[in-house]
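Architecture at a glance
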Amino acid sequence: FTPLYLPLTHSSEPTSPSLAPSIRSISPSLAPFPPQYVANMHGNEIRGRGLIMKLVYYLTTQYDQDSDVRNLVDSTIFHLVPTINPDGFANAKPMCSGVIGRYTSESIDINRDFPDHWSSGEKMRYAKETLFIMDYAQKITPVLGISFHDGALVTNYPWDGHPDLYTGQYAQSPDDALFISLAKTYSLNHASMSDVSKQCVSDHFPDGITNGNQWYKVFNGMQDWNYVDVDCFELTIELGCCKYPADPAETFSDVWADNFESIFEFTAMAHQTIRGKVETWDGTPILGVKIHVDGIDKDITVRHPEGYYWRPLVPGVYNITATKTGYFPLTFRNIVVTERASTVANFILISRNQVRRARRKQRRS
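My aim in this report is to walk through the structure given alongside it, one point at a time. (Residues numbered from 1 in each chain as written. Predicted model: local features only at pLDDT ≥ 70, side-chain atom pairs only at ≥ 80, totals over all residues. Heavy atoms only, no water.)

1. Observations regarding the state of the cysteines
- In the structure shown here, the tally under the stated rule is two disulfides.
- Each sulfur in the disulfide pair Cys-200 and Cys-241 lies 2.0 Å from the other. Because the sign of the S-S torsion sets the handedness, a value of about -100° for the bond joining Cys-200 and Cys-241 places this disulfide among the left-handed ones. You can see Cys-200 sitting in the loop between helix H5 (176-189) and strand E6 (209-211) and its partner Cys-241 sitting in the loop between strand E7 (233-240) and helix H8 (248-269), a full 41 residues away along the chain.
- Residue classification places Cys-200 among the buried residues on the basis of a relative accessible area of 9%.
- Looking at Cys-241, the relative accessible area reads 36%, which means it is partly exposed.
- Taking only the cysteines that form disulfides and numbering them from first to last, the protein chain has the pattern 1-4, 2-3. (Disulfide = S-S within 2.5 Å. Helix = DSSP H or I, 4+ residues; strand = E, 2+ residues; numbered from the N terminus. Buried < 20%, exposed > 50% of the residue type's maximum accessible area, 1.4 Å probe, protein only.)

2. Focus on helix H1 (residues 47-62)
- Spanning 16 residues, H1 covers 22 Å between terminal C-alpha atoms, matching the ideal 22 Å at 1.5 Å per step.
- Within H1, the full set of buried residues consists of Arg-47, Gly-48, Gly-50, Leu-51, Ile-52, Leu-55, Val-56, Tyr-58 and Leu-59. (Expected span 1.5 Å × (residues − 1).)

3. So, the pattern of salt bridges
- For the structure shown, the criterion picks out 13 salt bridges.
- Salt-bridge contacts for Lys-139 lead to Asp-135; the nearest nitrogen and oxygen are separated by 3.1 Å. Placement of both Lys-139 and Asp-135 in helix H4 (residues 128-140) is noted, with a separation of four residues, approximately one turn of the helix.
- In this structure Lys-139 comes out as exposed when scored by relative accessible area, which is 60%.
- A salt bridge links Lys-298 to Asp-231; the shortest N-O distance between them is 2.6 Å. Of this pair, Lys-298 sits in the loop between strand E9 (290-293) and strand E10 (300-301) while Asp-231 is found in the loop between helix H7 (222-230) and E7, placing the two residues 67 residues apart along the sequence. (Salt bridge = Lys/Arg side-chain N within 4 Å of Asp/Glu carboxyl O.)

4. So, the sheet that holds strand E13 (residues 330-337)
- In space, the four strands of this open sheet follow the order E10-E9-E12-E13, with antiparallel pairing throughout. Every interior strand has two partners, whereas the edge strands, E10 and E13, have only one.
- Pairing geometry for E9 and strand E12 (residues 316-323), over four bridges, is antiparallel. Residue pairing in the sheet places Ile-291 in a bridge with Ala-322 of E12. (Pairing = 2+ DSSP bridges.)

5. A short note on the environment of Lys-217
- Residue placement: Lys-217 occurs in the loop between helix H6 (212-215) and H7.
- Separated by 46 residues in the primary sequence, Lys-217 and Ala-171 have C-alpha atoms spaced 9.6 Å apart.
- Among residues more than four places away in sequence, those in contact with Lys-217 are Asp-160, Gly-161, His-162, Pro-163, Leu-165, Tyr-166, Thr-167 and Gly-212.
- One polar contact links the side chain of Lys-217 to the main-chain carbonyl oxygen of His-162, over a distance of 3.1 Å. (Contact = heavy atoms within 4.5 Å. Polar contact = N/O pair within 3.5 Å; in protein donor to acceptor, adjacent residues only side chain to side chain.)

Put into structure tokens, the structure is as follows:
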């Protein structure tokens, strides 16, 4: 089983610190920013599948024509998965509602199949599609993510489910302010998502956004799992009320026009970070380091094989600390994050064992 996935990269390093008019202060010596956009988790929800394929076509055909596209591609690794559930898609039929094609060939709902961070134990068995996307996400270390769905017109953000709260209650994550900013970036740049009159019957989402638990509770979903286990700040984007329109070709054209600005503005938000490398004094990358921001109860873990990290934040002034067992912690204070720009903070951590050996050697000499 191999789902279609299209990581889009370009080998050139950016030659200018400017990616686009709204993106600045990018250091070409650091790794490109890695967003992850996926779709068709439910096989009968098809708009995102076409949207991602159109995005691939647009970026590749416009690369030599549009300097903004070229700069964006040169500084961003787009991880694009148009179809997570190809078997479900193959079984789906044009229907605005219903569940034909929603599930995998094993009758599993992928978006109820991820490890639940609220419980102590893990399931013994996951769908092959779930295992693929879990393995893929953990390897590529995405900084921001979108999962495209259908059945509503809204941008959804964590928490999707909280065990101590009922459906309809707001479940605030440690990065609530950031998620609201990301969600509004998408919804307010969409052609109609923020217009309540254009939303689906009985829906009322001010600004076109909703907290997941406040809308309806979901446990074992991909969105919360990505945030907790991968440090990927993911949104769920519902692209339309009808899940599988009768005329997909016409629908895809409209979907691209409606979402074009949203996708590119959201991608620009991947650059609004504190980022850098964590390494030893001789340049060896250190993996497993925790990056902590004062006042936010959510650390991220350095997973990139070359020691890179990205910490998205809303604009402000922050103290940031790198810690790992066996090393002395290091804190940078008063790091300024500005809109659509990255601030570089490279950590060089000193091994406690190295200091002990140096002290013993000094005493013997």
